[in-house]
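# Chains, contacts and geometry: an overview
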Amino acid sequence: MTEARVVAALDHPHIVVIHDFVDRDGHLAIVMEHLPNGTVWDQFLHHGLAAPRACGLVLATLAGVHHAHDRSIMHRDIKPENLIFTHDWQLKVTDFGIAQVLTGDATMGTMEGAIVGTPAYMSPEQAEGRSCGPPADVYASGAMLYEMLTGSLPFPNADSAMAMATARLNEDPVPIMAVGPSIPGAIAEVAMHALERSETERFATAESFGVALGQAAAETWGPEWMSEAGTTVRGSAAIEQASRTTGGSALKRSRAVDPDEREPRQDAVKDEPNAPTAAHPTGDMRATSIDPVAIPQPGAPIPTPAPTIPPAQQQPIIPQQKQRVGGANLNELVPDDMFNLAEVRSPRSPALPALIAVVALVAAVLLALTGVGSDPVPGASVAALVNGQVVQRAGEPIEVDLTAPFEVDGVPGESVSASFLGIPIGTAPIEDGAIDPGYLKYSGAGVIELTADAAGAASFPVRSSNSVYPTAPFIAAAMIALGGLASVQSNLRGMRSRRVRISPYVGLVISGAIAGAGLAVVAMLVVQTPASIATIATTAVATAVGLLALGEAYRRWRRRRRLKRITVATVRR
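Model, not experiment: these values are computed from the prediction. (Residues numbered from 1 in each chain as written. Predicted model: local features only at pLDDT ≥ 70, side-chain atom pairs only at ≥ 80, totals over all residues. Heavy atoms only, no water.)

## Looking at the overall build of the protein chain
Helices and strands together make up the secondary structure of the protein chain, namely 19 helices and 15 strands. When each of the 573 residues of the protein chain is scored for burial, the buried share is 49%. When contacts within the protein chain are restricted to residue pairs at least 6 apart in sequence, long-range pairs at least 24 apart make up 74% of them. Summing over all exposed atoms, the protein chain offers an accessible surface of approximately 26400 Å²; the carbon and sulfur share of this is 56%. (Helix = DSSP H or I, 4+ residues; strand = E, 2+ residues; numbered from the N terminus. Buried < 20%, exposed > 50% of the residue type's maximum accessible area, 1.4 Å probe, protein only. Contact = heavy atoms within 4.5 Å. Areas by Shrake-Rupley, 256 points an atom, 1.4 Å probe, with all protein chains shown as cover.)

## Focus: a nonpolar patch on the surface
There is a patch of nonpolar side chains on the surface, built from Ile 480, Ile 502, Val 506, Val 509, Ile 510, Ile 514 and Leu 548 and spanning about 580 Å² of accessible area. If you tally residues by element for the nonpolar patch, the top one is helix α18 (residues 503-526), at four residues. Take Ile 510: it is sitting in helix α18. (Patch = residues over 30% accessible without salt bridge, like charges linked within 9 Å, V, L, I, M, F, W, Y side chains within 5 Å. Salt bridge = Lys/Arg side-chain N within 4 Å of Asp/Glu carboxyl O.)

## Some points on the packing of helix α9 (residues 185-194) against helix α10 (residues 206-221)
In the contact formed by α9 and α10, the axes pass within 8 Å of each other and the chain directions differ by 165°. On the basis of their axis angle, the class for α9 and α10 is roughly antiparallel. Crossing handedness for the pair α9 and α10: left-handed. Residues Ala 186, Ile 187, Val 190 and Ala 194 of α9 lie in contact with α10, whose contacting residues are Phe 209, Ala 212, Leu 213, Ala 216, Ala 217, Thr 220 and Trp 221. Across the contact of α9 with α10, the residue classes break down as ten nonpolar, one polar and no charged. (Axes fitted to C-alpha atoms, helices over the stretch in contact; angles between N-to-C directions. Parallel < 35°, antiparallel > 145°, perpendicular 65-115°, else oblique. Left-handed = near helix turned anticlockwise from the far one by under 90°. Nonpolar A, V, L, I, M, F, W, Y, C, P; charged D, E, K, R; others polar.)

## Looking at the pattern of salt bridges
One pass over the structure, following the stated rule, counts six salt bridges. With a closest N to O distance of 3.2 Å, Glu 552 and Arg 555 form a salt bridge. Here the residue Glu 552 and the residue Arg 555 both occupy positions in helix α19 (residues 533-572), the gap between them amounting to three residues, near one helical turn. Of the charged contacts, one joins Arg 556 and Glu 552 as a salt bridge, the two residues approaching to 2.8 Å between their closest N and O atoms. Here Arg 556 and its partner Glu 552 are both found in helix α19, four residues apart, which amounts to about one turn of the helix.

## A few points about the confidence of the model for the protein chain
Per-residue confidence for the protein chain gives a mean pLDDT of 76, with 69% of residues at or over 70. Averaged over each element, pLDDT in the protein chain is lowest for helix α4 (residues 98-103) (50) and highest for α9 (95). Predicted confidence is poor over residues 256-298, with pLDDT under 50, and the contacts of this stretch with residues over four places away or in other chains come to 61 contacts. Low pLDDT, under 50, characterises residues 567-573; the stretch is placed with eight contacts to residues that sit more than four places away or in other chains. (pLDDT = per-residue confidence, 0-100.)

## What to know about α10
When the terminal C-alpha atoms of α10 are compared, their 22 Å separation across 16 residues agrees well with the 22 Å that a helix rising 1.5 Å per residue should span. Of all 16 residues in α10, 15 are buried; the element is thus mostly enclosed. Gly 222, located one to two residues past α10, shows a positive phi value of around 95°. (Expected span 1.5 Å × (residues − 1).)

## Observations regarding the side chain of Ser 511
When you line up the elements, Ser 511 lands in helix α18. A polar contact of 2.7 Å, which involves the side chain of Ser 511, links it to the backbone oxygen of Gly 507. Discounting chain neighbours no more than four positions away, the residues touching Ser 511 are Gly 484, Ser 487, Val 488 and Asn 491. (Polar contact = N/O pair within 3.5 Å; in protein donor to acceptor, adjacent residues only side chain to side chain.)

## Describing the nonpolar core
In this structure, Leu 149, Phe 209 and Leu 213 are the most contacted members of the largest nonpolar core, which totals 68 residues. In terms of residue count, helix α3 (residues 51-69) provides more of this core than any other element does, eleven residues in total. Residues Val 408, Leu 440, Leu 450 and Ala 452 belong to the second largest nonpolar core, which totals 25 residues. (Core = buried A, V, L, I, M, F, W, Y, C linked by side-chain atoms within 4.5 Å.)

## Brief notes about the packing of aromatic side chains
Summed over the entire model, instances satisfying the criterion amount to five aromatic pairs. Where Phe 85 meets Trp 89, the ring centres are 5.3 Å apart and the plane angle is 50°; that geometry is what we call tilted. Judged by centre distance (5.8 Å) and plane angle (45°), the rings of Trp 221 and Trp 225 are tilted. Each member of the pair Trp 221 and Trp 225 is classed as buried. (Phe/Tyr/Trp six-rings, centres within 6.5 Å; stacked < 30°, edge-to-face > 60°.)

Right, here's the structure in full:
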């Protein structure tokens, strides 16, 4: 919504006027000015475009695009379909910032192999999924100019969205003079400079591109070429002046101009009584039949440019590729079906999180089996004999079999209460100098603390040796561990979503900690490791880290498989 408000605030003669926008049920509707005379693509396809008119339309586009760039709005989808004519045949650029509203700074694709944006004109940095600045729109405008001048796209052999995106990352465009030998050399040089693969080697701004193109056209066809071609440019004093300036190399002068020292821009539209009027595109611009231009093989000589033809005598060019490889349908986009285009070129490997998962889970098992710290021996608070052995005040617990009574001496009172890790597990009576464990054989396990019910709360620790019985702590710990592991499985299923969500990661941490704590207690009871809270805590942390890394590795692995299927499907098309 914020981006939509900024786009609606743009005010320029070559940018469509946004009257209102409505956000209802998650759908954004834009109310804009009425544009009744179709798009540049319609005119290009059905009537053709002569080179002077193509240059004039690109200049008008660049004037509007530069105005938006000055307000930090990138178009990111410049194409002939987004250039529409008003009732008096003035050019308007539409759909400013739509891709940015939908996908942010990243370039997004869909699992069906489509791309948000138009791959035929997309810049290399946009195809790579990197953040885009003004040079990205410069590249798109240059690709559009290339097609209008030659009838062919800069990468004619790419026949799918992904193939087009990949081609511009690894290859340079076919030289424009190889496709259109009659194109004036100055204009061809400017067009190819706009299509440099590195954004730092292109024109830095849309206005500098427009200045170079306008000067090249004026050098080629004279200062009145725009009037003869039936086009006008408004809202950029620098581009307007350049299109009437002759003398010297246009490209060299555009490189020498410091952007900070250029002539102040004039955003307001001024009525000029002597300004040329745009002609109806039919008339002399009717369609003509032309032979497809064969692209020479590598090493073949590039034809020598033919003499320059005046604007009025220029023959219109029609596109050779009439069936467009379009972008994703913006009305049918599902967020879960989208991915950053950068992942196709360099998908994230699951190897590192898988390694972390293995190390952490192995560490959790070792911690559970060996234990951390020692048994919680509070020290006997009573001098007692257990089965004839003296209970030391700070010694190791004495082993007792809780399946049968065991003798005690010096323990006051008539009963003792038992606790495991501070958790009460029951009581047992003292009869005739012996403690009858009773149901403690089912609830006692590991190191338990016995506390007399007499005054002074005399207590002493013992270690249960009745491992043959399935005790309650063992069953509870096993159930907790299994429950945590079952929850891990359900959270891993959540990783199958095509969109990254935080909830499966949180679930893996919680379920991993629960499973680790349960496994630590099971190990205490079965392997007789020290009954230490530190063992439970460290095992729980290690298990949580391991399962978190395992989830990330699983997500990356599935993502790579999906992206590989997309790449294979693209190659087969």
